[in-house]
Amino acid sequence: MGEQLGINGDTLRNWGKQARVDARKEPGTTTEARARITELEREVRELRWANAILKSASASFAAALDRPSSR
């Protein structure tokens, strides 16, 4: 059937398996859960990036406070 539609047989089987997982008829990660995981991974990357910036800024401010004043 996949050949008639111009779709690789493996692709068609994967779609069928994912449909069964999404219908909770087969164990696995649902499409909805996979989307949420992807969203959370993106958020973690952004938070780590922001944290690195804040650490760098706080180290810079701390170093500036440790320097003797040149008045």
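Peer 1: Quick question: what am I supposed to make of the overall build of the chain here?
Peer 2: Along its length, the chain carries three helices and zero strands. If you list the helices and strands of the chain from N to C, you get α-α-α. Taking 2.2 N^0.38 as the reference for a compact globule, 71 residues should give roughly 11 Å; the C-alpha atoms of the chain span a radius of gyration of 25 Å, well beyond that estimate. Principal axes of the C-alpha set define a box for the chain whose edges measure 85 × 25 × 10 Å. Among the 71 residues that make up the chain, the fraction classed as buried is 4%. Roughly 6500 Å² of accessible area belongs to the chain as shown, and the carbon and sulfur atoms make up 56% of that amount. Distance between charge centroids for the chain: 5 Å, based on 13 positive and 10 negative side chains.

Peer 1: Help me understand helix H2 (residues 9-22), please; the structure alone is not making it clear to me.
Peer 2: Working note: α-helix, 3.6 residues per turn, so residues spaced by three or four point in the same direction. Between the first and last C-alpha of H2 there are 20 Å, a value that for 14 residues agrees with the 20 Å anticipated at 1.5 Å per step. Its side-chain oxygen 2.7 Å from the backbone nitrogen of Asp10, Asn8 forms the N-cap of H2. Positioned one or two residues after H2, Arg24 has a phi angle of 65 degrees, which is positive.

Peer 1: Mind showing me how you'd approach the environment of Gly2 here?
Peer 2: If you trace the backbone, Gly2 turns up in helix H1 (residues 2-5). For Gly2, a relative accessible area of 6% translates into the label buried. As a C-alpha pair, Gly2 and Trp15 span 13 residues in sequence and 11 Å in three-dimensional space. Sequence-distant contacts of Gly2, defined by excluding residues within four places in its chain, comprise Ile7 and Leu12.

Peer 1: Would you explain the pattern of salt bridges in this entry?
Peer 2: Two side chains that carry opposite charge are able to pair once their charged atoms sit near each other. A complete count under the given rule lists five salt bridges for this structure. Put simply, Lys17 and Glu26 hold a salt bridge, and the shortest N to O gap is 2.7 Å. Judged by relative accessible area, which is 36%, Lys17 ranks as partly exposed. Taking relative accessible area as the criterion, Glu26 reaches 22% and is therefore assigned partly exposed. Where Arg36 meets Glu39, a salt bridge forms, and the shortest distance between an N and an O atom there is 3.0 Å.

Conventions used here
- Residues numbered from 1 in each chain as written.
- Predicted model: local features only at pLDDT ≥ 70, side-chain atom pairs only at ≥ 80, totals over all residues.
- Heavy atoms only, no water.
- Helix = DSSP H or I, 4+ residues; strand = E, 2+ residues; numbered from the N terminus.
- Rg over C-alpha atoms; globule rule 2.2 N^0.38 Å.
- Buried < 20%, exposed > 50% of the residue type's maximum accessible area, 1.4 Å probe, protein only.
- Areas by Shrake-Rupley, 256 points an atom, 1.4 Å probe, with all protein chains shown as cover.
- Lys, Arg positive; Asp, Glu negative; His and termini not counted.
- Charge placed at Lys NZ, Arg CZ, Asp CG, Glu CD.
- Expected span 1.5 Å × (residues − 1).
- Polar contact = N/O pair within 3.5 Å; in protein donor to acceptor, adjacent residues only side chain to side chain.
- Contact = heavy atoms within 4.5 Å.
- Salt bridge = Lys/Arg side-chain N within 4 Å of Asp/Glu carboxyl O.

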